[in-house]
Structures are given as C-alpha cells and as structure tokens.
Amino acid sequence: MSRRVVVALLGPVTWTPPGIEPARWRTALAEDVVDLLATLNEVETAVAVTAQDRWLADAVVWPGTPVYEVPEPTPNAVFAALDGPAAVYDQVAVVVADAPDVPGLTLGKLLRPLTTRPVAVAPVEGGGTGLLGVAARLPVPAWLPALDLDRTGPAEVRRAAPSPGDVAVTAGWHRMRGPADLAALDPAVEGWEATRALLSGRPA
C-alpha cells in the first residue's frame, strides 16, 4: 500500500480583512487547515514553512506533526525535501494554508488520481488564479515546472507534461484572497473555528 502524506504549505497570505492584524489572520487560517488535515484518514500529515516562518508552524501544529523547513514556500521545495534516496513516501500532496473551510473530501480527491497518473492539481474555485494544491508521485517527474500556488494554473502544468493526460485536474475550492472569498464562507459548514472566531470579533 502506498504511503501518502498531505503537507500544508504555510506560505505568505496575500490579503487580510480590514480590522484584523495580518499575523493573527494568517495564524487562524493555518490553524484551521492544519486541524482539518488531522482528521484525514489513511494519510499522514505534515507542515512546511520557511525558516523565518517557523513561528507559525510552532503555533498551529499538533504534537508529533512533522515540520519541514524549506528554502522557499513552493510545492517544488516541499517535493525536494521529501524526495530522494531516503524518501519514505510514495505520494505527496501540497496544499495551501488559506482555505480554512476546504472539505477533507476535496483534499482526498487530490491524491486519488495518483494511482494512474504522476501529477494531480486542484484549481482555485471561482475563477481565481493559482492552485488549491498539487500532488505527485515520488520521484517527482522531471518535467514538473516551477509551481507558484498563487499564479500557476492547471493548463500551465498540463502544457509542461509529455501528455496533458499525465496531469489530473481535481475538484477545486476557494481561497481567502479577497472580500468575495470571505463572503463565500458558509457559517453552516462545520470547521474553520479559528477563522470564524477571529472574524466574529472583527470591528464592523
């Protein structure tokens, strides 16, 4: 059976709601994503950060959660940290930390295609640029381009592949990158407690 890991990449956050301190917002988003990963079945979970953001990982991880320090906040850096002769995983998914209400099922669908394809990507829902996450079998294909989760789209990854069918495009979800995304948060949906609590105390 393949050994799989889902890694929350605690990269920079590009937008903060008015009235909220950016570091508190970033921490709340990361906490909700990390808490979600802890509920996933049949996968291991981890966090990746740059050295300067180690404080954020320390603030949100569960005891025993592996934390990987990477030179830059990109999926490629995470794949490099987990690949190589000493690799312990067969499949790795890297997901953003600014999607606090993403369903666990959506993240599970990111890994599912790796049984038959080397790479899978989940787009940003709602027409935004970038990706929700990317998954790959190890060793990572040499053709995989440099990925920027804020800018790279599924079409760009498919163009780099020997065949477009080598890249599966799975279900997407919204990220918290502007007022419209904030409005997409559904109070009736369980989870995202840290983000919910922070927003409830925000000045009107």
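Residues numbered from 1 in each chain as written. Predicted model: local features only at pLDDT ≥ 70, side-chain atom pairs only at ≥ 80, totals over all residues. Heavy atoms only, no water.

Structurally, the position occupied by glutamate 156 is in helix α5 (residues 154-160). For glutamate 156, a relative accessible area of 34% gives the class partly exposed. Between the alpha carbons of glutamate 156 and proline 145 there is a distance of 8.4 Å; along the sequence they are eleven residues apart. (Helix = DSSP H or I, 4+ residues; strand = E, 2+ residues; numbered from the N terminus. Buried < 20%, exposed > 50% of the residue type's maximum accessible area, 1.4 Å probe, protein only.)

Moving on, we come to the pairing of strand β2 (residues 44-49). Of all six residues making up β2, five are buried, and the element is well covered by its neighbours. Sheet analysis places strand β1 (residues 4-9) next to β2, joined by five bridges and oriented parallel. Bridge pairing links valine 6 to threonine 45 in β2. By the bridge criterion, three bridges tie β2 to strand β3 (residues 67-69) in an arrangement that is parallel. By the bridge assignment, alanine 48 is partnered in β3 with tyrosine 68. (Pairing = 2+ DSSP bridges.)

Counting across every chain of the model gives eight salt bridges. Notably, a salt bridge pairs aspartate 98 with arginine 175, separated by 2.8 Å at the nearest N-O pair. Remark: arginine 175 occurs in the loop between β7 (167-169) and α6 (179-183) and aspartate 98 occurs in the loop between β4 (91-96) and α4 (104-111); sequence separation between them is 77 residues. Its relative accessible area of 4% is what places aspartate 98 among the buried residues. For arginine 175, a relative accessible area of 3% corresponds to the buried category. Between arginine 177 and aspartate 150 there is a salt bridge, with its nearest N and O atoms 3.8 Å apart. Residue arginine 177 is located in the loop between β7 and α6, and its partner aspartate 150 is located in the loop between β6 (131-137) and α5; the two are separated by 27 residues in the primary sequence. Here the salt bridges share partners, and the residues they tie into one network are Asp98, Asp150, Arg175 and Arg177. (Salt bridge = Lys/Arg side-chain N within 4 Å of Asp/Glu carboxyl O.)

All right, on to the environment of alanine 180 then. By the secondary structure assignment, alanine 180 is in helix α6. Residue classification places alanine 180 among the exposed positions, given a relative accessible area of 62%. Each C-alpha atom, one on alanine 180 and one on glycine 126, is 9.4 Å from the other, the two residues being 54 residues apart in sequence.

Keep in mind these values describe shape, not function.
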